[in-house]
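# Examination of the molecular architecture
Residues per chain, in single letters:
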Amino acid sequence: MAEKMLKFISQSKAMPDKRQASDRVADFDEIYADFDLEKAEEQASRCSQCGVPFCQVNCPLHNNIPDWLMLTAENRLQEAYELSSATNTFPEICGRICPQDRLCEGNCVIEKGFESVTIGAVEKYVTETAFDEGWVEPIKVNAEREQSVGIIGAGPAGLAAADLLRRKGYQVVVYDRYDRVGGLMVYGIPGFKLEKDIVERRAELLEKGGIKFELNCEIGRDVTFDELRARHNAVLIATGVYKARDIKVPGIGLEGVVPALDYLTASNRKSLGDDVAEFDSGMLNAEGKNVVVIGGGDTAMDCVRTAIRQEAKSVTCLYRRDRANMPGSQREVENAEEEGVNFQWLSAPHALLGNEVVSAVRAQRIHLGQPDETGRQVPQIIDGSDFDIDADLVVKALGFDPEDLPSLFEQKDLGVSRWGTVQIDWKTMMTQIPGVFAAGDIVRGASLVVWGIRDGRDAAEQIDAFIEAELRGETRQVG
Ligand code: FAD
Ligand code: SF4
Ligand code: SF4
């Protein structure tokens, strides 16, 4: 093993510089700077090159992390990029927004005594260097194929599948009801986590590589699902999950109570320079308002931090469990706290007050009781613990469910789970309709970009195998 490695004893962990909270709340730019070459080499050299690398096991893409860390430490950056991009379609995006503390870095073996290797930041550095050096090129197809695949959804799952299928020579058309490519990477995730030109740069490369995009095209409305099937040899459903969960409390219908994704999409569109009437009218703009965000996941963290940047008067996050039990990444909570968000842990909304327009949230304190069958402590209301928080804007960040796809697509044979997610055979990634595959959030429920990429890549392999089998006159089993 190269003598450059195993430096975790002498070299401490360092993240790329993080902008001061007072500076970063003034814009929607990313909050972390890039490593420079010296720092990337130094941090990569901390890896102990484990025989059983738990970082790799716990990366959904099983990236060959120890090898590309070693190549980085040895300043062999082009090889590091080639290795990392062999398993990851968008390493520059995962390096930025994977919750590394729950995936690769959280399982790094040296985490126990010496703090983990900063894997995500190195992945980002290597890929950004590859872009700067011109090593990232559009797909070059050696032999074009006649067969085509229609992909519904230009989010990470659809795009990862499109990339691999195109590399195999297929004619690939990606349909999306939005006007831009990227799904939630463009309209959900705020710029301070992932700047939009990073996604645009990828979209342009994919287009240059011969993938066709039909935007502003909603399948089930502008084109029927049957028409789509008739156009292509196989279809991939990668539509994500968008139906906002709600709570049933008095006052929920008051003006000023909005779903998280409407709020974040308006903000992202504004940053992209679009005209957004609901933002300009003040409906989806937090400026000068007391804002309460209900929920404790990553979407809630994105909402509170967006409200801070829109110069809200106050921003409060209301969550019914405590900090240790919240689903959001601890790193994001820390960032939100630094930026001035007030957290009301162990608190749940009881009613929204106001006359037509919301003016306050009445909340109750919660006690965490005995664990239920899932092992999580059950929140119990403490009687008589009501308190009010002033609120001119209440954002509901309570999670997402799938739309009713069998109805939307008029496909009663499309099997769905009791939660509405599309059922697939995980070996073939195929739904119960032959030649129709599914990937990403629409299969897993609200998940992560990296899982979308993984599913999209797996689906591409299976679609290829399906089309090949069809050409040989074989039929494959339906899931
Ligand atoms: P999506 O990204 O949702 O893409 C689906 C696409 O399908 C959309 O473009 C949609 O317009 C299109 N579509 C839907 N129906 C149709 C139709 N009928 N016809 C045509 N097009 C259609 N994950 C992380 O890893 N890190 C994070 O920091 C993170 N932050 C997040 C913050 C927010 C606010 C949200 C909401 C999610 C976040 N996620 C994060 C989760 C991540 O964005 C998703 O898991 C991921 O984008 C799912 O990918 P997907 O391709 O399955 O779906
Ligand atoms: Fe870690 Fe995500 Fe990169 Fe995998 S893809 S190595 S989990 S940052
Ligand atoms: Fe290196 Fe940590 Fe992965 Fe081990 S677990 S190979 S130390 S990054």
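What comes next concerns the included structure. (Residues numbered from 1 in each chain as written. Chains lettered and ligands numbered in written order. Predicted model: local features only at pLDDT ≥ 70, side-chain atom pairs only at ≥ 80, totals over all residues. Heavy atoms only, no water.)

### Points about the sheet that holds strand S1 (residues 148–152)
In sheet architecture, strand pairing relies on hydrogen bonds along the backbone and comes in two forms, parallel and antiparallel. Strands sit in the order S3-S2-S1-S4-S16 across an open sheet of five strands; the sheet is parallel. Because the sheet does not close on itself, it has two edges, and the strands there are strand S3 (212–214) and strand S16 (436–438). Geometrically, the sheet is characterised by an average inter-axis angle of 20 degrees between neighbouring strands, direction not taken into account. Examined bridge by bridge, strand S2 (residues 171–175) and S3 share three bridges and lie parallel to one another. (Pairing = 2+ DSSP bridges. Helix = DSSP H or I, 4+ residues; strand = E, 2+ residues; numbered from the N terminus. Axes fitted to C-alpha atoms, helices over the stretch in contact; angles between N-to-C directions.)

### Focus on the nonpolar core
Leu69, Ile151, Ile219, Leu236 and Ile237 are the most contacted members of the largest nonpolar core, which totals 103 residues. Ranked by residues supplied to this core, first place goes to helix H19 (residues 449–471) with eight residues. Among all residues touching Leu69, those that are not within four sequence positions of it are Met5, Ala44, Cys47, Val117 and Val122. Counting 29 residues, the second largest nonpolar core, distinct from the first, contains Ala266, Val293, Cys303 and Val304. (Core = buried A, V, L, I, M, F, W, Y, C linked by side-chain atoms within 4.5 Å. Buried < 20%, exposed > 50% of the residue type's maximum accessible area, 1.4 Å probe, protein only. Contact = heavy atoms within 4.5 Å.)

### Here's the deal with the side chain of Gln411
Position of Gln411 relative to the elements: it lies in the loop between helix H17 (405–408) and S16. At a separation of 2.9 Å, a polar atom in the side chain of Gln411 contacts the side chain of Asp226. Excluding residues that lie within four positions of it along the chain, Gln411 makes contacts with Phe225, Asp226, Pro406 and Ile433. (Polar contact = N/O pair within 3.5 Å; in protein donor to acceptor, adjacent residues only side chain to side chain.)

### Some words on a nonpolar patch on the surface
Together, Val52, Phe54, Val57 and Val109 line one region of the surface with nonpolar side chains, adding up to about 340 Å² of accessible area. Along the chain, Val109 falls in the loop between helix H6 (91–97) and helix H7 (111–114). (Patch = residues over 30% accessible without salt bridge, like charges linked within 9 Å, V, L, I, M, F, W, Y side chains within 5 Å. Areas by Shrake-Rupley, 256 points an atom, 1.4 Å probe, with all protein chains shown as cover. Salt bridge = Lys/Arg side-chain N within 4 Å of Asp/Glu carboxyl O.)

### Considerations on the packing of aromatic side chains
Summed over all chains, the structure comprises six aromatic pairs. On the numbers, 4.9 Å between centres and 85 degrees between planes, the contact of Tyr178 with Tyr187 is edge-to-face. For Tyr178, a relative accessible area of 17% gives the class buried. Here the aromatic cluster, defined as three or more aromatic residues joined through ring pairs, consists of Tyr178, Tyr187 and Tyr242. The ring of Phe192 is capped by Arg309, whose NZ or CZ atom sits 4.0 Å from the centre of that ring. A cation over an aromatic ring shows up here: Arg365 above the ring of Phe387, its NZ or CZ 3.9 Å from the ring centre. (Phe/Tyr/Trp six-rings, centres within 6.5 Å; stacked < 30°, edge-to-face > 60°. Lys NZ or Arg CZ within 6 Å of the ring centre and 35° of its normal.)

### A short note on helix H9 (residues 156–167)
In this model H9 runs 17 Å from its N-terminal to its C-terminal C-alpha over twelve residues, within 8% of the 16 Å that 1.5 Å per residue would give. Of all the residues in H9, the buried ones are Pro156, Ala157, Gly158, Leu159, Ala160, Ala161, Ala162, Asp163, Leu164, Leu165 and Arg166. (Expected span 1.5 Å × (residues − 1).)

### Here's the deal with the packing of helix H2 (residues 37–44) against helix H4 (residues 65–73)
Running from amino to carboxyl end, H2 crosses H4 at an angle of 135 degrees, the nearest separation of the two axes being 8 Å. Between H2 and H4, the interaxial angle falls into the category oblique. You can see that H2 and H4 cross each other, and the crossing is left-handed. Here Ala40, Glu41 and Ala44 of H2 come into contact with H4, specifically with Leu69, Thr72 and Ala73. (Parallel < 35°, antiparallel > 145°, perpendicular 65-115°, else oblique. Left-handed = near helix turned anticlockwise from the far one by under 90°.)

### Digging into the site of ligand 3
The environment of ligand 3 is formed by Cys47, Ser48, Cys50, Pro53, Cys55, Pro66, Leu69, Cys108, Val109, Val117 and Ile119. Among the residues making up the shell around ligand 3, the classes are represented as ten nonpolar, one polar and no charged. (Near = heavy atom within 4 Å. Nonpolar A, V, L, I, M, F, W, Y, C, P; charged D, E, K, R; others polar.)

### Considerations on the sheet that holds strand S8 (residues 314–318)
The strand order across the open sheet built from five strands is S6-S14-S7-S8-S9, with neighbouring strands paired in parallel fashion. The open sheet is flanked by strand S6 (257–259) and strand S9 (342–344), the only strands paired with a single partner. Averaged over all pairs of adjacent strands, the angle between their axes in this sheet comes to 25 degrees, without regard to strand direction. Alignment of S8 against S9, held across three bridges, turns out to be parallel.

### Structural notes on the environment of Ala324
Looking at the secondary structure, you find Ala324 in the loop between S8 and helix H16 (330–338). For the pair Ala324 and Trp345, spaced 21 residues apart in sequence, the C-alpha to C-alpha distance is 10.0 Å.

### What to know about unusual backbone geometry
Despite not being glycine, Gln49 shows a phi value in the positive range, around 55 degrees. When you line up the elements, Gln49 lands in the loop between H2 and helix H3 (54–57). Although it is not a glycine, Glu311 adopts a positive phi angle of roughly 65 degrees.

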